[in-house]
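Fold and geometry: a report
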Amino acid sequence: MNSLHIEDIAGHPDFRRLDTLRHGIATELRYATADNFVGHPVYAGIDCAWLRREAADALEHAAAWLAERRPGYRLLVLDALRPQRVQQRLWDELQGTPLTMYLAHPERGSIHSFGMAVDVTLLDPAGREVDMGSGFDEMTLASHPDHEAEHLALGALTAQHVAERGWLRAAMREAGFHAISTEWWHFDFGDRVAVRRDLPRVL
């Protein structure tokens, strides 16, 4: 398996640190805190504030597109590079529960573990997280983009929730990211098959 260790990322030319991103992108890595769906920090002692350069450049493009069309609104990165060791730990912790549907099997590899996926939301002009109708890592159907029409019809989501998710997806898609059907906050960059085949996994 083509791989790198997270400890070697800082000096690697193919990766960019999140704090070098322009256009006002904010970072709050939730897996470095207890504010995530397992309820405790999983990045303790590991510097995960990185993306592969091509994904980082695209994220800057998304932020610039958003700023031009919706002045004052910014992107907030909630997760970026997630080492394979952490993916394995999450899988082991959740194995046997329905929550594994929200995790890539460690053997196949999460796109996060290649530095080519990002979890992101919006900040309003006052710096507050925008209400998306469900929270980050809220692993329920309310978080599934492919259920938004039903939830809107049933009143579980409002038109404003759907519009805010639309702004986020529009900015990310404009920059070449791809959304997934189960998490409004998750976006992959590049073709998943090619990423897993051609790029080094971060251990």
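The following paragraphs examine the structure supplied in this document.

Rules and cut-offs
- Residues numbered from 1 in each chain as written.
- Predicted model: local features only at pLDDT ≥ 70, side-chain atom pairs only at ≥ 80, totals over all residues.
- Heavy atoms only, no water.
- Phe/Tyr/Trp six-rings, centres within 6.5 Å; stacked < 30°, edge-to-face > 60°.
- Helix = DSSP H or I, 4+ residues; strand = E, 2+ residues; numbered from the N terminus.
- Buried < 20%, exposed > 50% of the residue type's maximum accessible area, 1.4 Å probe, protein only.
- Salt bridge = Lys/Arg side-chain N within 4 Å of Asp/Glu carboxyl O.
- Pairing = 2+ DSSP bridges.
- Contact = heavy atoms within 4.5 Å.
- Axes fitted to C-alpha atoms, helices over the stretch in contact; angles between N-to-C directions.

Turning next to the packing of aromatic side chains. Counted according to the given criterion, the structure contains seven aromatic pairs. With a centroid separation of 6.2 Å and an interplanar angle of 55 degrees, the aromatic rings of W65 and W167 are classed as tilted. With W65 in helix α1 (residues 53–69) and W167 in helix α4 (residues 159–174), this pair connects stretches of sequence that are 102 residues apart. Residue class for W167 comes out partly exposed when judged on its relative accessible area of 28%. One aromatic cluster in this structure is built from Y31, F37, Y43, F136, W184 and W185.

Under the criterion given, the structure shown has 19 salt bridges. Salt-bridge contacts for R16 lead to E60; the nearest nitrogen and oxygen are separated by 3.0 Å. Residue R16 is located in strand β2 (residues 15–17), and its partner E60 is located in helix α1; the two are separated by 44 residues in the primary sequence. The burial state of R16 is the same as that of E60; both residues are buried. A single salt-bridge network, built from bridges that share partners, covers R16, R22, D57 and E60.

Let us look at the sheet that holds strand β5 (residues 74–79). The strand order across the open sheet formed by five strands is β3-β5-β6-β8-β7, and the pairing between neighbours is mixed. Each edge of the open sheet carries a strand with a single partner, namely β3 (26–27) and β7 (177–179). The pairing of strand β6 (residues 117–123) with strand β8 (residues 186–189) spans three bridges and is antiparallel. Directly across from A117, in β8, lies its bridge partner D188. Packed on one face of the sheet, α1 meets β5, β6, β7 and β8 and runs near 145 degrees to β5. Strands in contact with α4 are β5, β6, β7 and β8; relative to β6, the strand with the most contacts, it is inclined by about 135 degrees.

It is worth spelling out the environment of T182 at this point. With respect to the secondary-structure elements, T182 resides in the loop between β7 and β8. Sequence-distant contacts of T182, defined by excluding residues within four places in its chain, comprise M101, Y102, S143, H144 and P145.

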